[in-house]
Amino acid sequence: MDALLLQILNGLDKGSAYALIALGLTLIFGTLGVVNFAHGALFMIGAFVAVTLQRVLSLSFETIDPTQKDFLGNPLKVKTPYVESWFGPETGGLIIDWAVPLAILFAIPIMIAVGFIMERGLIKYFYKRPHADQILVTFGLAIVLQEVVKYFYGANPIQTPAPDALNGVANVGAAFGMDIVYPVWRIVYFFFSVIIIAAIFSFLRFTTFGMVVRAGMADRETVGLLGINIDRRFTIMFGVASAVAGLAGVMYTPINPPNYHMGMDFLVLSFVVVVVGGMGSLPGAVLAGFLLGILESFASTTWATTTLPGINQIIIYLVAIAVLLTRPRGLMGLKGVMED
Amino acid sequence: MFGLDKRDTGVLIIVALLALFAPIILNPFPTDSAMAQFNAGYPDLMQKFVIFGIFAIGFNILFGLTGYLSFGHAAFLGIGSYSCVWMFKLLGYNVIPGIFLSILISGLFALLIGFVSLRRSGIYFSILTLAFAQMCFALAYSVLSNPRFNLTNGETGLQVYANDPQWFHRDGLPDLPHLFGLSMRATQKIQVGAWEFQFNAGYYLCALIMLVCFYLAIRIFRSPFGMMLRAVKSNQQRMNYTGLNSRPYTLAAFVISGMYAGLAGGLLSAVDPLAGAERMQWTASGEVVLMTILGGAGTLIGPVLGAGFIKYFENIFSKINDNVLHSWFAFLPDGMEDFMVFIIHPFIGKGWHLTLGILFMLVVIYLPGGLVEGGQRIQGWFRKRGTKTEAKAGKTEPAE
């Protein structure tokens, strides 16, 4: 029983990353009808916003501390981050420690801006072109973004630790009388993604803006005829979708040190998730994300890998193929979306 | 000739001549000159040109004719490589059985994958093929390399070891891939003045096979079957309404292009007997899409051009480093020289993929027909200018 719950937990945090990326992909696809192969790159950019913020915060100057000596007897040079000298060592240290959560605040405007630039600068011109062209141009863009990040940050993964307070492990099973020890940050990640998903859904459901967007997803032309500038709203949704991907990336950095190709690695799986969930269906994307995450974690148990070696590597693809062949529209696919 | 019309025969002959004289044409700079690093006339690179040319020609039969964008063709390349190396391990280093088996096995896989994937079209098809290819990659990389059942040798890559059976290997034969005793590495070097030309056996075998493949591709393009595939691209629904079942045609195209990819993989192993899983990764599939688009999808010569273009610049750009740049811009004042090197630095050497990505985006945005369309546009532009001046001259006359 304990092992079972542990596997579900394991699946939830990977699943939440899939769900967030797939949600953004579906938002873009549902509103603009564009297949965005550069979405993984947005996830990666989000992660590197966190890396950058941590580096900026730990920028420091050197002073000579006469009270301390190194082993040769010379006065020791001490590095003090600017933040610590401005806010005092206590607060400053805390700010540096909490760099990753703080990065959320910076990531939202940056990612929305990146999304705007991408949509207005490039993708706008591809609405009327065939899907193959959209795939190809966004694929090219993904390569470019990835190489630019590689140029500035190098090819190696960069360690970006979570705040000390959230870096340990906790016994999550204690409340139920069970013994399940689990890293705190992964639980935080899961709740964070649930909040984001809930926010997106309630934004679409309960605000006027969301209502217009939903109407536009159903019938773009009619909404346009009613005198609503639907294009501008869709551009904003593109920004929102890239912000979602970026936030998923920011929070993922402590789980997996970011490197320049992390976006590509996640992208393929996220596409599979979107297809399994049903192209254009937001709840489908979230559901499929969590389901496939949990499935993958169950396939990685020792029992599964000894009976069928390597099943954890291919389970998602097998499921995707099975779903596409039996339910071509995906689990919750809508009628009329990408039927051809 | 061979059932081709005049124009196609011309194209075939031109390609044959280019392939025959490639070691000379691609070596325009004397060996000792500073420009020698831009020579492409050495066996390794020339083999890559023709092998990836075969790969792209095959991909074009599927994508260029039917419009089905497969993002998983590298899987067949990898499968071909593995089967060829297995033939080396079991039978010995003769390349013929290896090449045949690689075509056969990749054809079988293509039949299986195509049968499933072609039930869907458009973006779904792309993602299905991508999923299959990633699955093959995962299988080759880790699943099929466990000690109990080692088919692919995982990360190390499959290679021939001394204790492999090699039933037909005899003492007189070279210990490297060979064609009935003629080693694939056998290179005839000819010195002409300051130039040195290398004629490599492996290259000529690959080039010969490429010509056969190219000829077959022309025949497919001009056949009723090719016409049917074009019909699938332009309007599949209407085709189905007329009572035609288009799936056997698309499946045939998929299998043919899979066999081309397998053949390319087999040849890669034939010139260098090592097969690794990274050949199957989805970036490799992306690369062949790049080649086809860059050259011009749906045209005959385009994919070959694209493959040559990408492989050439991959090799050359990744060789240029800062020192070379400094020597180029040495004529500029000091500050300017450093500035220019600083500007260009991200795009060369290890940053070559950045250049490739930008180039790819530019091509998709401005030149969807690839290099071939670019050439046609330039040609048309010249022709138009010619007719305009004539028209002007014609107009001015009656006014006088």
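Predicted model only: the values in this text are computed from it and were never measured.

Cut-offs applied
Residues numbered from 1 in each chain as written. Chains lettered and ligands numbered in written order. Predicted model: local features only at pLDDT ≥ 70, side-chain atom pairs only at ≥ 80, totals over all residues. Heavy atoms only, no water. Helix = DSSP H or I, 4+ residues; strand = E, 2+ residues; numbered from the N terminus. Rg over C-alpha atoms; globule rule 2.2 N^0.38 Å. Buried < 20%, exposed > 50% of the residue type's maximum accessible area, 1.4 Å probe, protein only. Contact = heavy atoms within 4.5 Å. Areas by Shrake-Rupley, 256 points an atom, 1.4 Å probe, with all protein chains shown as cover. Lys, Arg positive; Asp, Glu negative; His and termini not counted. Charge placed at Lys NZ, Arg CZ, Asp CG, Glu CD. Disulfide = S-S within 2.5 Å. Phe/Tyr/Trp six-rings, centres within 6.5 Å; stacked < 30°, edge-to-face > 60°. Lys NZ or Arg CZ within 6 Å of the ring centre and 35° of its normal. Polar contact = N/O pair within 3.5 Å; in protein donor to acceptor, adjacent residues only side chain to side chain. Salt bridge = Lys/Arg side-chain N within 4 Å of Asp/Glu carboxyl O. Buried area = accessible area lost by both parts, 1.4 Å probe. Pairing = 2+ DSSP bridges. Core = buried A, V, L, I, M, F, W, Y, C linked by side-chain atoms within 4.5 Å. Patch = residues over 30% accessible without salt bridge, like charges linked within 9 Å, V, L, I, M, F, W, Y side chains within 5 Å. Expected span 1.5 Å × (residues − 1). Axes fitted to C-alpha atoms, helices over the stretch in contact; angles between N-to-C directions. Parallel < 35°, antiparallel > 145°, perpendicular 65-115°, else oblique. Left-handed = near helix turned anticlockwise from the far one by under 90°. Nonpolar A, V, L, I, M, F, W, Y, C, P; charged D, E, K, R; others polar. pLDDT = per-residue confidence, 0-100.

### Let's talk about the overall build of chain B
Now for step 1: Of regular secondary structure, chain B possesses 14 helices and eight strands.
Now for step 2: For chain B, whose C-alpha radius of gyration is 24 Å, the value lies close to the compact-globule estimate of 21 Å for 400 residues.
Now for step 3: If one aligns the C-alpha atoms of chain B with their principal axes, the spans along those axes are about 90 × 65 × 45 Å.
Now for step 4: Evaluated residue by residue, chain B yields a buried proportion of 51% over its 400 residues.
Now for step 5: Within chain B, contacts between residues at least 6 apart in sequence are counted, and of these 72% link residues at least 24 apart.
Now for step 6: Working note: accessible area of chain B is about 19,000 Å², and carbon and sulfur atoms make up 66% of it.
Now for step 7: Taken as two groups, the 27 positive and 21 negative side-chain charges of chain B have centres that lie 15 Å from each other.

### Description of the overall build of chain A
Now for step 1: Assigned secondary structure in chain A consists of 13 helices and four strands.
Now for step 2: Here the C-alpha radius of gyration of chain A, 22 Å, is about what a compact globule of 340 residues would show, namely 20 Å.
Now for step 3: Overall, chain A is about 75 × 55 × 35 Å in size when its C-alpha atoms are taken along their principal axes.
Now for step 4: Sequence separation of 24 or more characterises 72% of the internal contacts of chain A that already satisfy a separation of 6 or more.
Now for step 5: Averaging the coordinates of the 19 positive side-chain charges in chain A and doing the same for the 20 negative ones gives two points 11 Å apart.

### Topic: the state of the cysteines
Residues and elements named next belong to chain B.
Now for step 1: Tallied over the entire structure, the rule returns zero disulfides over all chains.
Now for step 2: The thiol of Cys84 is unpaired, and the distance to the nearest cysteine sulfur, on Cys206, comes to 10 Å.
Now for step 3: Under the relative-accessibility criterion, Cys84 is labelled buried at 0%.

### A look at the packing of aromatic side chains
All names here are of chain B.
Now for step 1: This model, assessed by the stated rule, comprises 29 aromatic pairs over all chains.
Now for step 2: Summarising the aromatic geometry, the rings of Phe52 and Phe55 are spaced 6.3 Å apart at their centres and angled 50° between planes, so their arrangement reads as tilted. Residue Phe52 and its partner Phe55 are both found in helix H2 (residues 43-66); the two are separated by three residues, about one turn of the helix.
Now for step 3: Residue Phe52 is classed as buried on the basis of its relative accessible area of 9%.
Now for step 4: The residue whose ring lies beneath Arg120 is Tyr124, and the NZ or CZ to ring-centre distance is 4.6 Å.
Now for step 5: Between Arg385 and the ring centre of Trp381, over which it is positioned, the NZ or CZ distance is 5.4 Å.

### As for the side chain of Asn27 of chain B
Residues and elements named next belong to chain B.
Now for step 1: When you line up the elements, Asn27 lands in the loop between helix H1 (6-25) and H2.
Now for step 2: In terms of polar contacts, Asn27 uses its side chain to reach the side chain of Asn39, at 3.3 Å.
Now for step 3: A polar atom in the side chain of Asn27 sits 2.9 Å from the backbone oxygen of Glu196.
Now for step 4: Not counting the four nearest positions on each side in its chain, Asn27 is found in contact with Asn39, Ala40, Gly41, Trp195, Glu196 and Phe197.

### A look at the pattern of salt bridges
Now for step 1: With the rule as written, the count across this model stands at eleven salt bridges over all chains.
Now for step 2: Among the salt bridges present, the one from Glu119 of chain A reaches Arg120 of chain A, with a minimum N-O distance of 2.9 Å.
Now for step 3: By relative accessible area, Glu119 of chain A is classed as buried at 0%.
Now for step 4: Under the relative-accessibility criterion, Arg120 of chain A is labelled partly exposed at 37%.
Now for step 5: As a salt-bridge pair, Asp272 of chain B and Arg185 of chain B come within 3.8 Å of each other at their nearest N and O atoms. With Asp272 of chain B in the loop between helix H8 (247-271) and strand E8 (274-275) and Arg185 of chain B in the loop between strand E5 (182-183) and strand E6 (187-192), the pair connects residues that are 87 residues apart, well separated along the chain.

### A word on the interface of chain A and chain B
Now for step 1: Each partner contributes to the interface: chain A provides 39 residues, whereas chain B provides 39 residues.
Now for step 2: Together, the buried faces of chain A and chain B total about 3,600 Å²; carbon and sulfur atoms form 81% of this surface.
Now for step 3: Here chain A is connected to chain B by zero salt bridges.
Now for step 4: Applying the counting rule to chain A against chain B returns one residue pair in polar contact (both at pLDDT 80 or more).
Now for step 5: Put simply, the parts of the chain that give the side of chain A that touches chain B at least two residues each are helix H5 (131-153), helix H10 (262-277) and helix H13 (311-326) of chain A.
Now for step 6: If one sorts the elements of the side of chain A that touches chain B by residue count, H5 of chain A sits on top with 14 residues.

### A few points about unusual backbone geometry
For residues that are not glycine, phi is negative in most cases, and the peptide bond is trans in most cases.
All names here are of chain B.
Now for step 1: Unusually for a residue other than glycine, Gln166 sits at a positive phi of about 45°.
Now for step 2: Turning to its location among the elements, Gln166 is positioned in the loop between strand E3 (158-159) and strand E4 (178-179).
Now for step 3: The exposure class of Gln166 is buried, given its relative accessible area of 11%.

### Regarding the pairing of strand E7 (residues 195-200) of chain B
Residue and element names in this part refer to chain B.
Now for step 1: In this sheet, E7 lies alongside E6 in antiparallel orientation, the contact comprising six bridges. Bridge pairing in E7 links Ile190 to Phe197.
Now for step 2: From the end of E6 to the start of E7, which pair antiparallel, there are two residues, and Gly193 there has a positive phi angle of about 60°.

### Regarding the nonpolar core
Now for step 1: Phe37 of chain A together with Ile54, Leu69 and Trp282 of chain B are the most contacted members of the largest nonpolar core, which totals 215 residues.
Now for step 2: In this structure Leu69 of chain B touches Ala132, Ile135 and Leu136 of chain A together with Phe59, Phe63, Phe125, Ser126, Thr129 and Val289 of chain B, once residues within four positions along its chain are discounted.

### A look at a nonpolar patch on the surface
Residues and elements named next belong to chain B.
Now for step 1: On the surface, a nonpolar cluster with roughly 700 Å² of combined accessible area is contributed by Ile13, Ile14, Leu17, Leu18, Leu20, Phe21, Ile24 and Ile25.
Now for step 2: Secondary-structure assignment places Ile24 in helix H1.
Now for step 3: With relative accessibility at 35%, the residue Ile24 sits in the partly exposed group.

### Re helix H13 (residues 352-366) of chain B
Now for step 1: The end-to-end C-alpha distance of H13 of chain B, which contains 15 residues, comes to 21 Å, matching closely the 21 Å that a straight helix rising 1.5 Å per residue would cover.
Now for step 2: Among the residues of H13 of chain B, those classed as buried are Trp352, Leu354, Thr355, Leu356, Gly357, Phe360, Met361, Val363 and Val364 of chain B.

### Overview of the environment of Pro346 of chain B
Now for step 1: Inspection of the secondary structure assignment puts Pro346 of chain B in the loop between helix H12 (334-344) and H13.
Now for step 2: Residue classification places Pro346 of chain B among the buried residues on the basis of a relative accessible area of 15%.
Now for step 3: It is 44 Å that separates the C-alpha atoms of Pro346 of chain B and Thr387 of chain B, two residues lying 41 residues apart in sequence.
Now for step 4: Apart from the residues lying within four places of it in its own chain, the contact partners of Pro346 of chain B are Tyr151 of chain A together with Gly351 and Leu354 of chain B.

### Structural notes on the packing of helix H2 (residues 39-57) of chain A against helix H4 (residues 99-121) of chain A
Residues and elements named next belong to chain A.
Now for step 1: Following both chains from N to C, one finds H2 and H4 inclined at 135°, their axes separated by 8 Å at the closest point. Considering their axes alone, H2 and H4 lie oblique with respect to each other. The element H2 and its partner H4 pack so that their crossing is right-handed. Residues Leu42, Ile45, Gly46, Val49, Ala50, Leu53, Gln54 and Leu57 of H2 touch H4, and the partners they reach there are Ala99, Leu102, Ala103, Phe106, Ala107, Ile110, Met111, Val114 and Met118.
Now for step 2: Here the contact of H2 with H4 is composed, by residue class, of 15 nonpolar, two polar and no charged.

### A look at the confidence of the model for chain B
Residues and elements named next belong to chain B.
Now for step 1: Taken as a whole, chain B shows an average pLDDT of 85; of its residues, 96% reach a score of 70 or greater.
Now for step 2: Within chain B, helix H14 (residues 370-399) has the poorest average pLDDT of any element, 72, and H8 the best, 94.
Now for step 3: Counting interchain partners and residues more than four positions distant, the pLDDT-below-50 stretch residues 394-400 has zero contacts.
Now for step 4: Interface confidence for the predicted complex, given as ipTM, is 0.80, next to a pTM of 0.85.

### Here's the deal with helix H9 (residues 230-252) of chain A
Now for step 1: Between its terminal C-alpha atoms H9 of chain A stretches 33 Å, which fits the 33 Å expected from 23 residues at 1.5 Å a residue.
Now for step 2: For H9 of chain A, the buried fraction is high: 19 of the 23 residues fall into the buried class.

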